[in-house]
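# Geometric and topological summary
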Amino acid sequence: MEYTDAPAQTQFETSTDTMQCPYCGATLPRDAQACTQCDWTRDQTETAEGKASDAVAVMLSVIPGLGHIYKGHRLIGALIMFIGTPMAIAIAAITFTFTAGFGGLLLPLWWFGVMFHVWGIDDRIAPNVRDEGEQY
Ligand SMILES: [Zn+2]
């Protein structure tokens, strides 16, 4: 007995580099955004639990707007970064003096709102998803 505990996954040849289409089983690059053989797209199967890019986008939102830009929403990201955040800081600073500090709570709320939003919006960096058959 020389191969007692050979790993069981040897039959999956290179499971780290490729994945199988959940619809038709075609072999695709691991980070494929859509199937080349059928109309499966990553959005349809993974939106429920959040993609890896969602987590990255939320982390990037430490600088509000950066996460949106990362997801391909450049206009919204720029608005948040150059208008929304300065306004939020200004409002928080102004109200801070009038509300004995409560205005400062606006900033964490703003940050949280931006992160929450960037988690929920669609990922636009997928290259060829939008052409054929939008389903929503
Ligand atoms: Zn497929």
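Residues numbered from 1 in each chain as written. Predicted model: local features only at pLDDT ≥ 70, side-chain atom pairs only at ≥ 80, totals over all residues.

In terms of helices and strands, the protein carries 5 helices and 2 strands. When the helices and strands of the protein are read in sequence order from the N terminus, they spell out β-β-α-α-α-α-α. Considering the protein as a whole, with its 136 residues, one finds that 12% of them fall into the buried category. Partitioning the intrachain contacts of the protein with sequence separation of at least 6 by distance along the chain shows that 35% fall at a separation of at least 24. (Helix = DSSP H or I, 4+ residues; strand = E, 2+ residues; numbered from the N terminus. Buried ≥ 20, exposed ≤ 12 C-beta atoms within 10 Å, placed from the backbone. Contact = placed C-beta atoms within 7 Å.)

This part covers the nonpolar core. Ranked by size, the top nonpolar core spans 6 residues in total: Ala57, Leu60, Tyr70, Ile80, Val114 and Val118. When contributions to this core are tallied by element, the ones reaching two or more residues are helix H2 (52-60) and helix H5 (106-120). Leave out the neighbours within four places in its chain, and valine 114 touches Ser61, Pro64 and Ile80. (Core = buried A, V, L, I, M, F, W, Y, C linked by C-beta atoms within 7 Å.)

Let us now look at the environment of leucine 79. With respect to the helices, strands and loops of the structure, leucine 79 is situated in helix H4 (residues 74-98). Judged by the 14 C-beta atoms lying within 10 Å of it, leucine 79 falls in the partly exposed class. On a C-alpha basis, the gap between leucine 79 and histidine 68 in space is 10.0 Å, while along the polypeptide they are 11 residues apart.

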